[in-house]
Amino acid sequence: MQDQGLTTPGKAPVRRAVVTGGAQNIGLGIARRLCEDGWRVHVLDLEPPGDDRLTADAHIVDLADREATEAALAAILEGGPVTCLVANVGIVRPAGFDALDVGDFDDVMHLNLRSAIVAAKALVPGMRAAGGGRIVMNTSRVTRGKPDRTLYSASKGAMQSMARTWALELAPAGITVNCVAPGPIATSAFWRNNPKDAPATRAITGSVPAGRMGTPEDVANAVSFFADPRSGFVTGQTLFVCGGVSVG
């Protein structure tokens, strides 16, 4: 099936996208890039985007709250179908095995993983009706392994596995499902979870083969590729945007 919902011969339909957790850092970079690419972007987050120049629609919502998220998405869909979902939101809760609080499991999984399912369940019917769509999940390089990331890596690994399943199930509808796995990216979240003066942090920043930390724009560039109407033959994939860290 062709992606009629993404490109229509003879006319330029409004392409609408949802970015969860798009108010800052990587999510904000993704929202900016999709706006530049011609999407009408809806940002869902606990706070408004940290960029007054961003031409996106802001929706203040706790994405860990299923009912609130469903209500926000229903309101967005009143304006028509959304043919691109970027499931970006996430929290880390770093802890070594011995310090791991099992009570954090629900918080991490509900925000990082369940919110993606809730959003997709709401938006995929419109993608099907439009003739196609794009789902991009922001996962992480930590799925290859990193100390102190039990819950975070579990949630992001589950997203990558889920994406492959959805890719198979949704391909007949012209809907692609892919993952972008960043790291290390110089954001406030990275520095909050990796203190600059810590030896482990210096080891991370000093071992990037590309010789620098990544930026939100690096990740947004990969998302832009997966969201592009011309990328309809790429699905079920995970692209590591990590400066080569995942290679060795």
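First, a word on scope: everything that follows refers to the structure included in this document. Here the structure is a predicted model, which is why all the values come from computation and not from measurement. (Residues numbered from 1 in each chain as written. Predicted model: local features only at pLDDT ≥ 70, side-chain atom pairs only at ≥ 80, totals over all residues. Heavy atoms only, no water.)

### Let's talk about the pattern of salt bridges
Using the following cut-off: The rule for a salt bridge is simple: a side-chain nitrogen of Lys or Arg has to be within 4 Å of a carboxyl oxygen of Asp or Glu. Under the scheme used here, helices are H or I runs from DSSP no shorter than 4 residues and strands are E runs no shorter than 2 residues, and both carry numbers assigned from the N terminus. Burial classification: accessible surface area is computed with a 1.4 Å probe over protein chains only, and a residue below 20% of its type maximum counts as buried, one above 50% as exposed, and the rest as partly exposed.
Counting across every chain of the model gives ten salt bridges. The partner of E70 in a salt bridge is R66, with the nearest N and O atoms 3.0 Å apart. Residue E70 and its partner R66 are both found in helix α2 (residues 66-77); the two are separated by four residues, about one turn of the helix. Accessibility expressed as a relative area gives 34% for E70, which makes it partly exposed. D107 serves as the salt-bridge partner of R93, at 3.2 Å between the closest nitrogen and oxygen. Here D107 lies in helix α3 (residues 105-130) and R93 lies in the loop between β4 (84-87) and α3, a separation of 14 residues in the sequence. Accessibility expressed as a relative area gives 35% for R93, which makes it partly exposed. Each of the salt bridges in this network shares a partner with another, and the network as a whole consists of R32, D51, R53 and E217.

### Here we look at the environment of K156
Worth spelling out the cut-off: In what follows, residue pairs with any heavy atoms lying within 4.5 Å of each other are defined as contacts.
The topology assignment puts K156 in helix α4 (residues 150-170). For K156, a relative accessible area of 1% corresponds to the buried category. In contact with K156, not counting residues within four places along its chain, are N88, V89, N112, N138, T139, S140 and T143.

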